[in-house]
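Each chain is listed here by its residues.
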Amino acid sequence: MNVSTRFLLLLTVLLLAACGGRSGGDDPAGDVAGGDTAAIDVWWDDTDAGGGDDVLGDMEPPQDLLEDGTPVDVLEDAEPHPDDLVDTLEDLIEDSLEDSVDVPDTTEDGGDVDEDVIDPPPGQVLEITECGALPAAPEGGCVVQEGSAVVVLRGTVLAPWEVFVGGEILISSGGDIGCVGCDCSGDPEYAGAMVITCPEGIVSPGLINAHDHITYNGNFPGDWGTERFDHRHDWRCGIRGHNEASYSKADLQTQVIWAELRHVLGGATSVAGSGSAPGFLRNLDRANWMEGLDVGAADNNTFPLGDSGCTLKATGCNYPNIEGAWVLDNNCYLPHVAEGIDVETRNEFLCLSSTDNGGVDLTEDNSAFIHGVGVTAVDVALMGAEGTALIWSPRSNISLYGHTAQVTMYHTLGVRIGLGTDWTLSGSINVQRELACAASLNDDYYGGFFTDHELWLMATTWNAQALHMETAFGSLEPGLVGDVAIFQGSGGDTWHRDIIEGNPSGVHLVLRGGVPLYGDLDLVAALS
C-alpha cells in the first residue's frame, strides 16, 4: 500500500461549495432563551432555502483557504499528535484496516444477532433477492387487510445487506420484529395478522438522527453571506473578527414537539438531540425519554472541554473542565470534537485522545465524535484503531466552515460513520435532507466514493452502531424493535436513492415499536 500517495490525494481534497436548504439544536452557543417555532411547511419542498433545485449552492469558498487557486491544507501548521513518537502512521493504518468494529452477539431480548447481516465481512456486496410479485394496489399506494395486533408489512424490504424485492416483515404484538424475508408465514403469529401491502413501497428501518439540537429547531436558516468561520467559537461569540450568529432556544415544550414532528414526517423514529419531548421520537440521549428502548442512553456533551465560554487554545490542555474517563462508563459517549478548521480545533482532538499535556484519552469503541472536521490522517487512523465512530453533519459544516469531515479518509481507515442534521440554523430540516446533501457531495466531489446503500446505512444501521445501540434497533432484523418507515419507491431498483431523494409526501407510514406515529390516513386508521 502506497500510504504517502493515498493520503496526499485525500488530504488535498477540499470542498469548495456550500450546501443550501437547511435544517437542525441543545445549546451550541450557551443558554439563550426565547424564540418561536417556524411554520412546519416552510422547507418541505425539494429546493434550497436560497432557491434552485441543486442541493449544493454556488457559494464561493473562503479565500484564505486558496493559494493561487490551489487548495491548501487548512491544518498545514498543525502540531504532530503526541502518539506519533510511539505509533507510526503506517502502524495506525494497519491497525484500523485490520480491526473490525465489534458487534454484540445478542439482541435486546437475548436472542442471537447474525454479525454478517449487521456488518458483513469486507468485500461483501449487497444481495438482491427477488421474492415474487405482490398483489396490485392503487398507484403509489398501499392496501390493508384487516387482522390482529400483529402486523405484516409487504414491499421491497431493506435489510442491512440484503434487499427482498416483494418481501415482508412481521412485527409482533409486542412491537418487536419477528421475521424478515420473502415469506414470514412460518412465524407462529402470522396467521390472522393485519397485512399492509405496498407494491411500490420501500420498507426500511426508521431513520436515525445521531446529532441534533432539538431545542433550537425553531430557528430559520442563517444567512452569513460569504463569511465562513475557522472555529465554532467564532460564530458563537463573535470573536477574531467574525460576526456572532443570531438564534434562540425554544421556551415551550410544544416547540420541541413540533421540531420532533418534522423529523417523523421524514421517516425518522429516533434522535440524539440534546433535548426531548414525549410521544414522538426516541430521545437517545435522554434515559427517561427513549420510549421503551432497552439500551443505555448516550452521554451527549456539546462542550466536553468545558469551553462554553469560547476558550481557544492552540497548544496545551488547560481547558476549563475536560471530562474524565468516567464518561466511558456510559453505553455511548457522544461529544462535539474538532468543529472547525484551524489548529485550535485540532488541539481539542489532541486533548481528548491522549493523556499528554493534561489531556484525557476518550477515543474508545463506545465513543462517537460529532463533527471531526479539523483533524489529520493520523488522528483518523487513531480513531479507526480504537473503534471510535464519527457523526457527520455535512450541510452544517459546509455552511459554517466551507469544509466538512474527510469522510472518504474516515471510511478507508475503518471509522464507522453515522449521520446527523445538527440544527435548523445551518443544518437540515430532517434526515432525508441531510442524506440528500451527503449524496450531492458524494456525487459531485467524492467521485461516487460511497454507494447509495452506504449512505442509507449512515442513517440507519451504521448510526445505531455508532451510538452503540445496534442490539436494540437500527436494522430490520428479528429480535430488534419494530421501528419502521415505508417510503414511496420509483418502481425501479434504486431503492436507497429513492429514500435519499424523497420527501415527506412520499412517506406512507412511520412506526415506532409497531405503534403508528405518522402515515397515510387509511394505514394509520387501520393500525390505531
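In this text the structure is predicted, and so the values were computed from the model without any measurement. (Residues numbered from 1 in each chain as written. Predicted model: local features only at pLDDT ≥ 70, side-chain atom pairs only at ≥ 80, totals over all residues. Heavy atoms only, no water.)

This part is about the overall build of the protein. On a plain count of helices and strands, the protein comes out with 14 helices and 19 strands. Carbon and sulfur atoms make up 48% of the accessible area of the protein, which amounts to about 19,100 Å² in all. (Helix = DSSP H or I, 4+ residues; strand = E, 2+ residues; numbered from the N terminus. Areas by Shrake-Rupley, 256 points an atom, 1.4 Å probe, with all protein chains shown as cover.)

Okay, the pattern of salt bridges next. According to the stated counting rule, one finds 12 salt bridges in the structure shown. The salt bridge partner of Asp 483 is Arg 282, with a shortest N-O separation of 2.8 Å. You can see Asp 483 sitting in the loop between α12 (461–466) and β17 (484–488) and its partner Arg 282 sitting in strand β11 (residues 282–283), a full 201 residues away along the chain. Residue Asp 483 shares its accessibility class with Arg 282, and that shared class is buried. Here the residues in one salt-bridge network are Asp 234, Arg 240, Asp 342 and Glu 344, joined through shared partners. (Salt bridge = Lys/Arg side-chain N within 4 Å of Asp/Glu carboxyl O. Buried < 20%, exposed > 50% of the residue type's maximum accessible area, 1.4 Å probe, protein only.)

Time to look at the packing of aromatic side chains. All told, the structure shown has 8 aromatic pairs when counted by the stated rule. Here the aromatic rings of Trp 235 and Trp 423 are separated by 5.6 Å at their centres, their planes lie at 40°, and the arrangement is tilted. Of the two residues, Trp 235 sits in helix α4 (residues 232–237) while Trp 423 sits in the loop between β16 (417–419) and α10 (431–445), which places them 188 residues apart along the sequence. Judged by relative accessible area, which is 2%, Trp 235 ranks as buried. With a centroid separation of 6.1 Å and 80° between ring planes, the pair formed by Phe 349 and Phe 369 is classed as edge-to-face. Taken together, the residues Phe 349 in helix α6 (residues 343–351) and Phe 369 in strand β14 (residues 368–371) connect sequence positions 20 residues apart. For Phe 349, a relative accessible area of 0% puts it in the buried group. By relative accessible area, which is 2% here, Phe 369 ends up buried. By way of ring pairs, the aromatic residues Tyr 216, Trp 235, Tyr 247 and Trp 423 are connected into one cluster. (Phe/Tyr/Trp six-rings, centres within 6.5 Å; stacked < 30°, edge-to-face > 60°.)

Strand order in the open sheet formed by 5 strands is β12-β13-β14-β15-β16, and the pairing between neighbours is parallel. This sheet does not close on itself; its edge strands, each paired only once, are β12 (298–301) and β16. Averaged over all pairs of adjacent strands, the angle between strand axes in this sheet comes to 25°, irrespective of strand direction. The pairing of β14 with strand β15 (residues 389–392) spans 3 bridges and is classified as parallel. Within β15, the residue paired with Phe 369 across the bridge is Leu 390. (Pairing = 2+ DSSP bridges. Axes fitted to C-alpha atoms, helices over the stretch in contact; angles between N-to-C directions.)

Take the packing of α6 against helix α7 (residues 377–386) next. Axis separation between α6 and α7 bottoms out at 11 Å; the angle between their running directions is 30°. In terms of orientation, α6 and α7 fall into the roughly parallel class. In this structure, α6 crosses over α7, and the sense of that crossing is left-handed. On α7, the residues touching Arg 346, Phe 349 and Leu 350 of α6 are Asp 379, Leu 382 and Met 383. Its residues placed into classes, the contact of α6 with α7 shows 4 nonpolar, no polar and 2 charged. (Parallel < 35°, antiparallel > 145°, perpendicular 65-115°, else oblique. Left-handed = near helix turned anticlockwise from the far one by under 90°. Contact = heavy atoms within 4.5 Å. Nonpolar A, V, L, I, M, F, W, Y, C, P; charged D, E, K, R; others polar.)

In space, the 3 strands of this open sheet follow the order β9-β10-β11, with parallel pairing throughout. Every other strand in the sheet has two partners, leaving β9 (207–209) and β11 as the edge strands with one partner each. Direction of pairing for strand β10 (residues 268–271) relative to β11: parallel, over a ladder of 2 bridges. Its bridge partner lying in β11, Ser 270 is registered against Arg 282.

Glancing now at helix α8 (residues 394–401). Of all 8 residues that make up α8, 8 are buried, and the element is covered over most of its length. Listing the buried residues of α8 in full gives Pro 394, Arg 395, Ser 396, Asn 397, Ile 398, Ser 399, Leu 400 and Tyr 401. Among the structural elements, α4, β14, β15, β16 and α10 are those in contact with the buried residues of α8. The first or second residue beyond α8 is Gly 402, which carries a positive phi of 75°.

With that settled, the discussion passes to the confidence of the model for the protein. Interpretation of the predicted coordinates at a detailed level should be avoided for regions scoring low in pLDDT. Looking at the protein as a whole, the pLDDT averages 81, with 77% of positions reaching at least 70. Every residue in residues 96–118 is under pLDDT 50, and counting partners more than four places away or in other chains gives 58 contacts. (pLDDT = per-residue confidence, 0-100.)

Mapped onto the secondary structure, Ala 298 falls in strand β12. The buried category is assigned to Ala 298, whose relative accessible area is 5%. Each C-alpha atom of the pair Ala 298 and Asn 330 lies 6.8 Å from the other, and the pair is 32 residues apart in sequence. When neighbours within four sequence positions are excluded, Ala 298 is seen to be in contact with Leu 284, Asp 285, Cys 332, Leu 334 and Met 469.

Another aspect to go through is the pairing of strand β5 (residues 148–159). In terms of burial, β5 is a largely internal element, 9 of the 12 residues being buried. As defined by bridge partners, β5 adjoins strand β8 (residues 193–205) across 7 bridges and the pair is classed as parallel. The residue of β8 that forms the bridge with Val 152 is Val 195. Across 8 bridges, β5 lies against strand β6 (residues 162–171) in antiparallel orientation. Across the sheet, Leu 153 pairs through a bridge with Ile 169, a residue of β6. As consecutive antiparallel partners, β5 and β6 are separated by 2 residues.

Within α6, 8 of the 9 residues are buried, which leaves the element mostly enclosed by the surrounding structure. Taken as a whole, α6 has its buried residues at Glu 344, Thr 345, Arg 346, Asn 347, Glu 348, Phe 349, Leu 350 and Cys 351. For α6, the elements touching its buried residues are β13 (332–337), β14 and α7.

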